[in-house]
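Understanding the architecture of this molecule
So the chains spell out like this:
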Amino acid sequence: MPTTANETPVPDHYRLLGVAPRATDAQIKAAYRKLSRVYHPDAQGGSPLAEDCFKQIAGAYAELADPARRLNYDRMLMLRDPLRLVDDPRAERALDVLDTVVTRLRKRQAALPSTGQGRDLRVEHPLPFTKAMLGGRTSVRAEFTVACTQCRGAGTTEPERNPVCHVCQGQGTLKTGLRRHDARCGFCSGRGLLLLSACKGCAGSGQVATHQDVDVHVPIRCRDGAHLRVRGGGEVVAGGKPGDLVVVVRLQPHPFLRAEGDDLVCQVPLTWSDAVAGGRVPVPTLDGTQWLTVPPGTPPGREFRIGGHGLPISSNPNGTAKRGSLRVQVFIDMPSELGPSQIAAVLALEAQLGAQRFARAVAYRAAVGTPESGSGDA
Ligand SMILES: [Zn+2]
Ligand SMILES: [Zn+2]
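Rules behind the numbers
- Residues numbered from 1 in each chain as written.
- Chains lettered and ligands numbered in written order.
- Predicted model: local features only at pLDDT ≥ 70, side-chain atom pairs only at ≥ 80, totals over all residues.
- Helix = DSSP H or I, 4+ residues; strand = E, 2+ residues; numbered from the N terminus.
- Buried ≥ 20, exposed ≤ 12 C-beta atoms within 10 Å, placed from the backbone.
- Contact = placed C-beta atoms within 7 Å.
- Pairing = 2+ DSSP bridges.
- pLDDT = per-residue confidence, 0-100.
- Axes fitted to C-alpha atoms, helices over the stretch in contact; angles between N-to-C directions.
- Expected span 1.5 Å × (residues − 1).
- Arc of directions from axis to C-beta.
- Core = buried A, V, L, I, M, F, W, Y, C linked by C-beta atoms within 7 Å.
- Domains from an automatic or database assignment.
- Parallel < 35°, antiparallel > 145°, perpendicular 65-115°, else oblique.
- Left-handed = near helix turned anticlockwise from the far one by under 90°.
- Nonpolar A, V, L, I, M, F, W, Y, C, P; charged D, E, K, R; others polar.

All right, on to the overall build of the protein then. Of regular secondary structure, the protein possesses nine helices and 13 strands. Relative to its full complement of 378 residues, the protein shows a buried share of 24%. Summarising the internal contacts of the protein: among those between residues at least 6 apart in sequence, 66% fall at separations of at least 24.

The two faces of a sheet get side chains in turn, since along a regular strand they alternate between them. Of the strand pairs in this sheet, strand S8 (residues 257-260) and strand S9 (residues 263-270) are connected by four bridges, and their pairing is antiparallel. Considered in S9, the bridge of Ala259 is made with Leu264. In this antiparallel pair of consecutive strands, S8 and S9, the connection spans two residues, and Gly261 shows a positive phi of 65°.

On to the confidence of the model for the protein, then. Per-residue pLDDT for the protein has a mean of 86; in total, 90% of the residues score no lower than 70. The model gives residues 1-6 a pLDDT under 50, and that stretch makes 13 contacts with residues more than four places away or in other chains. Within the model, the stretch residues 110-114 combines pLDDT values under 50 with five contacts to residues more than four positions away or in other chains.

Structurally, Asp263 is set in strand S9. Distance in space between the C-alpha atoms of Asp263 and Ile313 is 9.6 Å, their sequence separation being 50 residues. The residues contacting Asp263, other than those within four sequence positions of it, are Gly310, Gly324, Ser325, Leu326 and Arg327.

Taken together, the four strands give an open sheet; going across it, the order is S8-S9-S13-S12, and neighbouring strands pair in mixed fashion. Pairing within the sheet leaves two strands with one partner each, and these edge strands are S8 and strand S12 (303-306). Put simply, the sheet's adjacent strands are angled 30° from each other on average, direction ignored.

End to end, helix H3 (residues 48-64) covers 25 Å across 17 residues, agreeing with the expected 24 Å (1.5 Å per residue, within 8%). Every buried residue of H3 is accounted for by Ala50, Cys53, Phe54, Ile57, Ala60, Tyr61 and Leu64. Taken around the axis of H3, the buried residues stretch over an arc of 130°, which confines them to a single face. Away from its buried face, by an angle of more than 90 degrees, H3 presents the exposed residues Pro48, Lys55, Gly59, Ala62 and Glu63.

Next up on the list: the nonpolar core. Judged by nonpolar contacts, the single largest core of 38 residues is most densely connected at Leu17, Ile57, Cys165 and Cys188. Here this core takes seven residues from H3, the largest share from any one element. For this core, the two domains that each supply at least three residues are domain 1 (1-99) and domain 2 (100-162 + 197-253). In this structure, Leu127, Met133, Val249 and Leu270 belong to the second largest nonpolar core, which totals 23 residues.

Following both chains from N to C, one finds helix H2 (residues 25-39) and H3 inclined at 165°, their axes separated by 10 Å at the closest point. What the angle tells us is that H2 and H3 run roughly antiparallel. Pair H2 / H3 crosses with left-handed handedness. The segment H2 lies against H3, with Ile28, Tyr32, Leu35 and Tyr39 engaging Ala50, Cys53, Phe54, Ile57, Tyr61 and Leu64. The residue inventory of the contact of H2 with H3, partitioned by class, reads 10 nonpolar, no polar and no charged.

Checked against the element boundaries, Glu158 lands in the loop between strand S2 (136-147) and strand S3 (173-176). In this structure the C-alpha to C-alpha distance between Glu158 and Leu195, which are 37 residues apart in sequence, comes to 9.5 Å.

On to unusual backbone geometry, then. Phi angles above zero are rare outside glycine, and Ala203 is one such case at about 55°. Its location among the elements puts Ala203 in the loop between strand S4 (181-184) and strand S5 (207-218). Residue class for Ala203 comes out partly exposed when judged on the 13 C-beta atoms lying within 10 Å of it. With a phi close to 50°, Arg221 is a non-glycine residue in the positive phi region. As for its position among the elements, Arg221 is in the loop between S5 and strand S6 (227-230). Overall, Arg221 belongs to the partly exposed group, with 16 C-beta atoms counted inside 10 Å.

Right, here's the structure in full:
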């Protein structure tokens, strides 16, 4: 079965014990003893990772120490990975890496990149309608990770307590399959060493989460989905150039205002008395709530235009940019489910007003006429 570089095969028993597949019983036993001294939970102060490693090693040893079971296992391994049983010169010295812990780790730390280019970060940012229309500045949080300062990215501050992986001999990968692909080592998860003593600052990951609040310029009439790029607002790397921050605008719609060309449109409900007697109704604008005076006898559908409260037409640093209008369109909030006495009161009022007060309705009905008898409702 072909294996890709991303797969993590469980290492075979010989690899787990750090011996060649043709190792003698005595060599296998000696390897098991040596590994027990490193991974036995008693030797590692109860590290859960050590316990897990030891279980794998002890399981492999139990199978290889029994001649009948070893024979069966070799047959299975032959089928699974035929080239594994060919001599592997590195296997002879696999366990030597257990003695090279400190030097290996120092090399690893030295190899950490200290310069380079930080990555660009992309952040979706909800933007209130007013800010998006008028433009201005907003603060956006950029989150990223940096190398842990406590362990300098190595994942541990006690290198001597973290053995180099003998299974992959610190490489993090194992040759496997017929084409000897590099697959991630399943014993150390590709790390190359076993973090039995992980750094307390980063829990062994070598990285810590951090953030910075970036001041972002919002242009006027900013649209939903707009990309606002801030040079140097992205990932920060030690000794390197920071990446950019790309803010993807998620425009929060206004509950009452919508843009139409250079204008804003607002639908405002009136009560009967507002429409009949006139009055003042509050109107939301980009600049705060304002009063609108409605004259007596205002019909539904009438539009009131408030100049200078629409969208900015050009960007002006002095805040005196020309602006469109706010168009307020009124409608009557018609009450429903009136009771019989309320309906009687309305009919009485209409009768008192007389037909001449409903001149348009009377003229309309006269012009249209009435349906011929027999034809029902349209
Ligand atoms: Zn750390
Ligand atoms: Zn490994």
